[in-house]
Amino acid sequence: MSVTAGSGSSWLLRLAPSAVPPEPVCPPETLAVAVQHLGPGPVGWAVEAARDMAAHIVRQVPEHGTPGAYPPFRRAVEATVLTALRGLATEPEPTEALVAPEAVAGNAELARRNIPLDRVLRGVRLGHAALHARLMEALDKEPEEIRARETHRISKLLFVYADVQASRLAGEYVAERDRWRRSTEAARRRTVDELLAGRPAGGAVAARTLGYELARHHVAFILTSGSQDTPDGELRQLAAELCRAAGAESLLAVTAGATELWAWACWPAEPAREALARLPALVPERRPLRAALGPVGYGAEGFRRSHRGALEAARVARLGRTGWLCDYADISTAALLTADAEHARWFAARVLGALGADDPRVRELRETLRVYLAEGRSPQGAAERLFVARNTVTYRVRRAMELLGRPLEQDALELRMALEVARLLGPGQGP
């Protein structure tokens, strides 16, 4: 690891998260560069601080956190904090080149969503203030000599970085907004936003603008990529393949961010559930692309509800162990259970006890018990789903019950919910 902080700012390299840091949302290459220059402790501190800062900004400026916008926004905040921390440690020339690419991409998305520029810049000011407060809190733990020397330096540099960032983002915002307003995609996105907000857009007008009929049965898709370098065309191609494989009449796709595409497929008659369930087998996985599938809905309201379901499926997919295509029909209960992921883990740990251990063998027992209960306590049904012998199911269920330490009849509903949580989120720690 190449740590580049000068001796005067070496306290920055002692920064560490207060607990286990949240999962980073920045691209791996961004994190690798930050770790190389700062070390894992400061990077963990930055990821934790960025999570809290993003939540604080969204509370003050809710436009940053509307459905589909929050993950890119948090990524922009995280990259900005990492860049600022490197700048404070090494004091490079304060030019616009210092602004993180993720922040520029997130800013462009705000321009395309027609969020007023003053609201965008308010987010920058709030982020600057929150980061300053967080650094001052960390600096308070240092000896008086360091505090006296660093307080003014940190405040001055942060102000310069915030001013440079605001200037760069304002210029990029105006240019992107003008490009976007001239495009036909802008009209389509405005119409989609109206529909998703539940505001009547007028069926004929919406159909003419979108080239897509609303008086149909709809299924929404959210397609994302784990790489910032994925062309928009690859996401659109995957959406088209899913549409064809499902036998849909037509497809609507709109860009939702640098690595995200929203799509809808429609049918004159309600599609069979089996046709949608076969999609993972009909369409090959294409890493690093992922898809989330919403429930079937009819008309303008079904268009909106299916999208909300796809958003939930995408959220659950980010949390846990799902395949590359996460279908809302398969995780609707889990979506309700995991709205608060930390609370859900506590719940599962409390209900499962020793059966919640983070061990491959115990995981196997949990999954067997989960499938056994889902199959109406049928050893044969569970055996067929798990591709094992019936006696194997019986043995594993007995071992699982020994670890659980109580009969199934006591809390069967809670147990089934806890098993679903553990399957998606992994083992947790009790309160």
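Below: a short report on this structure. (Residues numbered from 1 in each chain as written. Predicted model: local features only at pLDDT ≥ 70, side-chain atom pairs only at ≥ 80, totals over all residues. Heavy atoms only, no water.)

1. A look at the environment of alanine 272
With respect to the secondary-structure elements, alanine 272 resides in the loop between strand 3 (260–267) and helix 10 (273–277). Measuring from C-alpha to C-alpha, the distance between alanine 272 and valine 296 comes to 9.7 Å, with 24 residues separating the pair along the chain. (Helix = DSSP H or I, 4+ residues; strand = E, 2+ residues; numbered from the N terminus.)

2. So, the packing of aromatic side chains
This model, assessed by the stated rule, comprises two aromatic pairs. The interplanar angle of 10° and the centroid separation of 4.2 Å between the aromatic rings of tryptophan 264 and phenylalanine 303 together place this pair among those described as stacked. Of the two residues, tryptophan 264 sits in strand 3 while phenylalanine 303 sits in helix 12 (residues 299–319), which places them 39 residues apart along the sequence. A relative accessible area of 0% places phenylalanine 303 in the buried class. Taken together, the ring pairs connect Tyr212, Trp264 and Phe303 into an aromatic cluster. (Phe/Tyr/Trp six-rings, centres within 6.5 Å; stacked < 30°, edge-to-face > 60°. Buried < 20%, exposed > 50% of the residue type's maximum accessible area, 1.4 Å probe, protein only.)

3. Thoughts on the side chain of glutamate 48
Within the secondary structure, glutamate 48 sits in helix 2 (residues 40–60). Since its relative accessible area comes to 5%, glutamate 48 is described here as buried. Among the polar contacts made by the side chain of glutamate 48, one reaches the side chain of serine 18 at a distance of 2.9 Å. Those residues in contact with glutamate 48, other than ones at most four positions away along the chain, are Pro17, Ser18, Ala19, Pro22 and Arg134. (Polar contact = N/O pair within 3.5 Å; in protein donor to acceptor, adjacent residues only side chain to side chain. Contact = heavy atoms within 4.5 Å.)

4. Examining unusual backbone geometry
The amide bond that connects arginine 287 to the next residue, proline 288, takes the cis arrangement and shows omega of 5°. Counting through the fold element by element, proline 288 comes out in the loop between helix 11 (279–282) and strand 4 (289–293). A positive phi angle is found at arginine 377, which is not glycine, with a value near 60°. Mapped onto the secondary structure, arginine 377 falls in the loop between helix 15 (360–374) and helix 16 (379–386). Positive phi outside glycine occurs at phenylalanine 387, with the angle close to 60°. Residue placement: phenylalanine 387 occurs in the loop between helix 16 and helix 17 (390–404).

5. Considering the environment of proline 24
Inspection of the secondary structure assignment puts proline 24 in the segment before helix 1 (28–38). In this structure proline 24 touches Leu31, Val47 and Glu78, once residues within four positions along its chain are discounted.

6. A look at the nonpolar core
Of all hydrophobic cores here, the largest spans 55 residues; its most connected members are Trp264, Leu369 and Leu415. If we skip the residues at most four places from it in the chain, tryptophan 264 touches Val192, Leu196, Tyr212, Val219, Ala220, Ser250, Leu251, Leu252, Val254, Phe303 and His307. By size, the runner-up hydrophobic cluster in this structure holds 47 residues, among which are Phe73, Ala76, Ala100 and Leu135. (Core = buried A, V, L, I, M, F, W, Y, C linked by side-chain atoms within 4.5 Å.)

7. With respect to the pairing of strand 1 (residues 217–225)
Counted residue by residue, strand 1 has eight buried out of nine residues, so it is predominantly covered. In this sheet, strand 3 lies alongside strand 1 in antiparallel orientation, the contact comprising eight bridges. Paired with phenylalanine 221 across the bridge in strand 3 is alanine 263. (Pairing = 2+ DSSP bridges.)

8. Digging into empty space enclosed by the protein
Any space left empty among the atoms is revealed by the rolling of a water-sized probe across them. For the structure shown, the criterion picks out two cavities of 30 Å³ or more. Space inside the largest cavity adds up to approximately 560 Å³. In terms of lining, the largest cavity is formed by 36 residues, of which the most central are Thr80, Ala103, Val124, Gln165 and Leu169. Sorting the residues of the lining of the largest cavity by element identifies helix 2, helix 3 (70–90), helix 4 (101–112), helix 5 (117–139) and helix 6 (144–181) as the ones contributing at least two each. Tallying contributions element by element places helix 3 first for the lining of the largest cavity, with nine residues. Classifying every residue of the lining of the largest cavity gives 23 nonpolar, 11 polar and two charged. The space that makes up the second largest cavity amounts to roughly 60 Å³. What lines the second largest cavity is simply Pro72, Arg75, Glu102, Ala105, Gly106, Glu109, Gln228 and Ala258. Looking at the lining of the second largest cavity residue by residue, the class counts come to three nonpolar, two polar and three charged. (1 Å grid on protein atoms, 1.4 Å probe; cavity = no way out; pocket = protein on both sides within 12 Å on 5 of 7 lines; lining within 4 Å. Points joined across faces, edges and corners; volume = space filled by probe spheres on them. Nonpolar A, V, L, I, M, F, W, Y, C, P; charged D, E, K, R; others polar.)

9. Structural notes on the pairing of strand 4
Counting buried positions along strand 4 yields four of five residues, so the element is predominantly enclosed. Where strand 4 meets strand 6 (residues 325–327), three bridges bridge the pair, whose relative direction is parallel. Bridging from a neighbouring strand, alanine 292 pairs with cysteine 326 of strand 6.

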